[in-house]
Amino acid sequence: MPLLSRTRERTADPVPATRPVAAVASVLTVGAGLALRAVAEGNVAKYGGDALYTVLVLALVVLLAPRVTPLTAAVSALVFSCAVEFLQLSDIPADLSRRSGIARLVLGSTFNAPDLLWYAVGAAVGGLLHAAMRSFPARRPSVRG
């Protein structure tokens, strides 16, 4: 009679592969944002950058919490992005942006309501990509006995 462990399907834990994928996704997202700024102007560059900003935040959420569900990661990234946008209603981001290029990239400087829509687009796209990534089973060597 075969052992239970041999007959039961084992599913590989996707978490070990999640962090490296999220790290690569973060780097690729930054590269996509820089490339977009290099080849596009105006609203395409601005709003595309807004969506990519939220995709980057989502990738960083997954990097920090690899077991997070796609919905939770997307909502977290959207909330963070919107919070930063609403913070721009105060003088804090503008003051910090004048002193630091990095602060300007992370915090922006002025509130723009349409940005909120594009953050939602980025969260949706990022969440769908995260869900697709999780749907692929982790590969592990099979042991035949």
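Computed from a predicted model, the values in this text were never measured in an experiment.

The next subject is the packing of aromatic side chains. In the structure shown here, the tally under the stated rule is three aromatic pairs. Residues Tyr53 and Tyr119 carry aromatic rings whose centres are separated by 6.0 Å and whose planes lie at 45° to one another, so their mutual orientation is tilted. In this pair, Tyr53 sits in helix α3 (residues 42-64) while Tyr119 sits in helix α7 (residues 114-135), placing the two residues 66 residues apart along the sequence. A single burial state applies to Tyr53 and to Tyr119, both of which are buried.

Note that Asp95 resides in helix α5 (residues 92-99). In this structure the C-alpha to C-alpha distance between Asp95 and Ser109, which are 14 residues apart in sequence, comes to 8.0 Å. Engagement of the side chain of Asp95 in a polar contact is seen with the side chain of Arg98, the distance being 2.4 Å.

Turning to a nonpolar patch on the surface, a few remarks are in order. A grouping of Leu117, Trp118, Val121, Val125 and Leu129 is seen on the molecular surface, where their side chains present a nonpolar patch of about 430 Å² in accessible area. As for its placement among the helices and strands, Trp118 is situated in helix α7.

Turning our eyes to something else, we now look at the nonpolar core. In terms of nonpolar packing, the biggest core is built from 14 residues, with Tyr53, Leu58, Val62 and Ala73 touching the most fellow members. Breaking this core down by element, the ones donating at least two residues are α3, α4 (70-87) and α7. For this core, the element with the highest residue contribution is α4, accounting for five residues. Once you skip the residues sitting within four places of it in the chain, Leu58 turns out to touch Ala73, Ala74, Ala77, Ala123, Gly126, Gly127 and His130.

Turning our eyes to something else, we now look at α4. Given 3.6 residues per helical turn, the α-helix brings residues three or four places apart onto the same face. Taking 1.5 Å per residue as the helical rise, α4 with its 18 residues ought to reach 26 Å, and the 26 Å between its terminal C-alpha atoms agrees with that figure. Turning to α4, its buried residues are Pro70, Ala73, Ala74, Ala77, Ser81, Cys82, Val84 and Glu85. Buried residues of α4, viewed axially, fall in a sector of 155°; they line one side. Residues of α4 that are exposed and point over 90 degrees away from its buried face: Leu71 and Val79. The elements touched by buried residues of α4 are α3, α6 (101-107) and α7.

Relative to the helices and strands, Thr54 is located in helix α3. Taking the relative accessible area as the measure of exposure, Thr54 reaches 0% and is therefore buried. Distance from Thr54 to Val125, taken between C-alpha atoms, is 9.4 Å for residues 71 residues apart in sequence. Once residues lying within four places of it in the same chain are set aside, the contact partners of Thr54 are Ala77, Leu78, Ser81, Tyr119, Gly122 and Ala123.

Reading the values: the criteria
Residues numbered from 1 in each chain as written. Predicted model: local features only at pLDDT ≥ 70, side-chain atom pairs only at ≥ 80, totals over all residues. Heavy atoms only, no water. Phe/Tyr/Trp six-rings, centres within 6.5 Å; stacked < 30°, edge-to-face > 60°. Helix = DSSP H or I, 4+ residues; strand = E, 2+ residues; numbered from the N terminus. Buried < 20%, exposed > 50% of the residue type's maximum accessible area, 1.4 Å probe, protein only. Polar contact = N/O pair within 3.5 Å; in protein donor to acceptor, adjacent residues only side chain to side chain. Patch = residues over 30% accessible without salt bridge, like charges linked within 9 Å, V, L, I, M, F, W, Y side chains within 5 Å. Areas by Shrake-Rupley, 256 points an atom, 1.4 Å probe, with all protein chains shown as cover. Salt bridge = Lys/Arg side-chain N within 4 Å of Asp/Glu carboxyl O. Core = buried A, V, L, I, M, F, W, Y, C linked by side-chain atoms within 4.5 Å. Contact = heavy atoms within 4.5 Å. Expected span 1.5 Å × (residues − 1). Arc of directions from axis to C-beta.

Spatial relationships are all this shows, so hold off on functional conclusions.
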